[in-house]
Amino acid sequence: MKKVLFVMNTMGRGGAEVALIQLFRQFDPAQYQVDFLVLLDQGELMDRVPGSVRRLNRRYDSSEIQSSAGKRRLVRHLAGKLLSRGAVFRDLPYILRNYRIMKQGGEVRWDKLLWRPVADGAAPLPETYDLAVAYLEGAATYFVAEKVQARRKAAFIHVDCLQGVINRELDGNCYQVFDKVFCVSEDVRASFIAAYPEHAAKSDVVRNIIDQEGIRRRSREPGGFPEGPGQYKLLTVGRLVPQKAYELSIEAMAELRRRGVDARWVVLGEGQERKRLEKLIAQAGLEDRFLLPGVADNPYPYYAQADLYVHCSRFEGQSIAVREAMTLGCAVVVSDSSGNRDQVDHQADGWRVPLEVPAMADAIQRLLADEPLRRRLGEAAARKDQTARDTEKLFALLEE
């Protein structure tokens, strides 16, 4: 029986985590022993991991990563890892050097700065694996590169590498020890090659997996948009983080109201930007028109009831939310950014627009006013095969 290891940083409610759960289901437990380690011991999606996967965390906290209580617990878990084996003190020169670099660039990302000591604070694993997979950038990648014994190693990239999420100063030479670097879209692969041209030959594309039949089944369950004003229902699903550019969506909603468009926009998600976004919503007088109800355990009835799905972010790897919307036959409007270009064919199965308020408002207004066009785009999106059969590349590496 082949032994496979997957490593993640946390297991909160995110696109990569949802895709990993589906990837686990591709492994036949009669042929593969699949082990799973979450470096920061926390995240609400661990309960959805198939029972055939062996969980290596001795203690685990299933609280939500983005909730207030969950954030406090995550800080405690983080502090424990930083102090373990003196990691934060040993890595202090690394932290200070990269802090200065980030400061000069105008933005200090403490979560990225602490990836290295989190990996260094984790205990090495005693087993040797046929394949070890770092399924997320940062701590998981450093840990698999340096603290796991395996015949083959693979790293996954879910983000645009040119957006400063990963870089050489933070990563060092970690990717040189991997046999393959799997990117979740062609755009992500292009950005990885631009950032690390010496690793172009070992890079490839393995797209995220979604459970299309399960999504369609759950979309018929109770739930969805609550009663409220608005002839049209707009939907966005995603974490409340700067990457998603929600301040522009709020401005676009305000512009639509000025034009007399009778719509209501719901954003399902949680994150660090909540207070700032709530302030912007209040300043625009959109409290009953742009809603932030938080995370929905089952978002699919919202998709099924939406007149339009909008996903105008600064960049993406490959959005699970967009794929879910298309699976359920939503007409989608996305920003013409990395990741989105790989998913949506403009005017064929969706609409791509510049990340600018007038362009966003124009596209939304046009599609809301043209029901036959929305129906045509939605039907084309629903026909699109989202099952991502290129996971065979991962199994090919395992069987070499």
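Not measured: the values here are computed from a predicted model.

Cut-offs applied
Residues numbered from 1 in each chain as written. Predicted model: local features only at pLDDT ≥ 70, side-chain atom pairs only at ≥ 80, totals over all residues. Heavy atoms only, no water. Helix = DSSP H or I, 4+ residues; strand = E, 2+ residues; numbered from the N terminus. Rg over C-alpha atoms; globule rule 2.2 N^0.38 Å. Buried < 20%, exposed > 50% of the residue type's maximum accessible area, 1.4 Å probe, protein only. Contact = heavy atoms within 4.5 Å. Areas by Shrake-Rupley, 256 points an atom, 1.4 Å probe, with all protein chains shown as cover. Lys, Arg positive; Asp, Glu negative; His and termini not counted. Charge placed at Lys NZ, Arg CZ, Asp CG, Glu CD. Phe/Tyr/Trp six-rings, centres within 6.5 Å; stacked < 30°, edge-to-face > 60°. Lys NZ or Arg CZ within 6 Å of the ring centre and 35° of its normal. Pairing = 2+ DSSP bridges. Axes fitted to C-alpha atoms, helices over the stretch in contact; angles between N-to-C directions. Expected span 1.5 Å × (residues − 1). Arc of directions from axis to C-beta. Polar contact = N/O pair within 3.5 Å; in protein donor to acceptor, adjacent residues only side chain to side chain. Parallel < 35°, antiparallel > 145°, perpendicular 65-115°, else oblique. Nonpolar A, V, L, I, M, F, W, Y, C, P; charged D, E, K, R; others polar.

**Things to note about the overall build of the chain**
Argument step 1. Within the chain one finds 18 helices and 13 strands.
Argument step 2. Over its C-alpha trace the chain gives a radius of gyration of 21 Å, about what one expects of a compact globule, namely 21 Å for 400 residues.
Argument step 3. Going through the 400 residues of the chain one by one, you find that 56% of them count as buried.
Argument step 4. Taking contacts inside the chain between residues at least 6 apart in sequence as the whole, the part at least 24 apart equals 68%.
Argument step 5. Accessible surface, the chain as shown: approximately 17000 Å² in total, 48% of it carbon and sulfur.
Argument step 6. Seen as two clouds, the 59 positive and the 55 negative side-chain charges of the chain have centres 3 Å apart.

**So, the environment of Pro222**
Argument step 1. Summarising the element assignment, Pro222 is placed in the loop between helix 10 (212-218) and strand 8 (232-237).
Argument step 2. Counting along the chain gives 20 residues from Pro222 to Pro242, while the straight-line C-alpha distance between them is 31 Å.

**Comments concerning the packing of aromatic side chains**
Argument step 1. Using the criterion set out here, one finds 17 aromatic pairs in the structure.
Argument step 2. Taking the centre distance of 5.3 Å and the plane angle of 85° together, the rings of Phe6 and Phe24 count as edge-to-face. Placement of the pair is Phe6 in strand 1 (residues 2-8) and Phe24 in helix 1 (residues 15-24), with a sequence separation of 18 residues. Note on accessibility: Phe6 and Phe24 belong to one class, buried.
Argument step 3. Note on Tyr300 and Tyr303: the rings are 5.9 Å apart at their centroids and 20° apart in plane angle, and the pair reads as stacked. Placement of both Tyr300 and Tyr303 in helix 13 (residues 300-305) is noted, with a separation of three residues, approximately one turn of the helix.
Argument step 4. Residue Tyr300 is classed as buried on the basis of its relative accessible area, which comes to 10%.
Argument step 5. These aromatic residues form a ring-pair network of at least three members: Phe6, Phe24, Phe27, Tyr32, Phe36, Tyr135, Phe156, Phe182 and Phe395.
Argument step 6. If you follow Arg116 out to its NZ or CZ, it ends over the ring of Tyr94, 5.8 Å from the centre.

**Focus: the sheet that holds strand 13 (residues 351-353)**
Argument step 1. The six strands lie next to each other as 10-9-8-11-12-13, forming an open sheet whose pairing is parallel. Strand pairing shows two members of the sheet lacking a second neighbour, strand 10 (290-294) and strand 13, which therefore form its edges. Across the sheet, the axes of successive neighbouring strands diverge by a mean angle of 25°, strand direction being ignored.
Argument step 2. In the packing of helix 14 (residues 320-327) onto the sheet, contacts are made with strand 8, strand 11 (308-311) and strand 12 (332-335), and the angle to strand 11 comes to roughly 165°.

**With respect to unusual backbone geometry**
Argument step 1. In the Ramachandran plot, Asp41 falls in the positive-phi region, its phi being about 60° despite a non-glycine side chain.
Argument step 2. The exposure class assigned to Asp41 is buried, which follows from its relative accessible area of 17%.
Argument step 3. Phi at Ala245 takes a positive value of approximately 55°, unusual for a residue other than glycine.
Argument step 4. Its place among the elements puts Ala245 in the loop between strand 8 and helix 11 (246-258).
Argument step 5. Look at Ala245 and you get buried, because its relative accessible area is 0%.

**Regarding helix 17 (residues 371-383)**
Argument step 1. When the terminal C-alpha atoms of helix 17 are compared, their 18 Å separation across 13 residues agrees well with the 18 Å that a helix rising 1.5 Å per residue should span.
Argument step 2. Here helix 17 has its buried residues at Leu373, Arg374, Leu377, Gly378, Ala380 and Ala381. One side of helix 17 carries all its buried residues, which in axial view fall inside an arc of 165°. Those residues of helix 17 that are exposed and aimed more than 90 degrees away from the buried face are Pro372 and Arg383.
Argument step 3. Taken together, the buried residues of helix 17 touch strand 8, strand 11, helix 14, strand 13 and helix 16 (357-369).
Argument step 4. The residue sitting at the N-terminus of helix 17 and contributing the capping side-chain oxygen is Asp370; that oxygen lies 3.1 Å from the backbone nitrogen of Leu373.

**Quick look at the sheet that holds strand 2 (residues 32-38)**
Argument step 1. If you trace the seven strands from one edge of the open sheet to the other, you get 3-2-1-4-5-6-7, paired in parallel fashion. Single-partner strands in this sheet number two, and they are strand 3 (54-55) and strand 7 (203-205).
Argument step 2. In this sheet, strand 7 lies alongside strand 6 (residues 180-183) in parallel orientation, the contact comprising three bridges. What sits directly across from Cys183, in strand 7, is Val205.
Argument step 3. Contacts from helix 7 (residues 139-147) reach strand 1, strand 2, strand 4 (128-134) and strand 5 (149-157) within the one sheet, and its direction differs from that of strand 4 by about 155°.
Argument step 4. Across the sheet, helix 18 (residues 392-399) lies against strand 1, strand 2, strand 4, strand 5, strand 6 and strand 7, angled at about 165° from strand 5, the strand it touches most.

**What about the packing of helix 16 against helix 17?**
Argument step 1. Packing of helix 16 against helix 17 leaves a shortest axis separation of 5 Å and a crossing angle of 100°. It follows from the interaxial angle that helix 16 and helix 17 lie roughly perpendicular. Residues Arg366, Leu367, Leu368 and Ala369 of helix 16 pack against Glu371, Leu373, Arg374 and Leu377 of helix 17.
Argument step 2. Class assignment for the residues of the contact of helix 16 with helix 17 results in five nonpolar, no polar and three charged.

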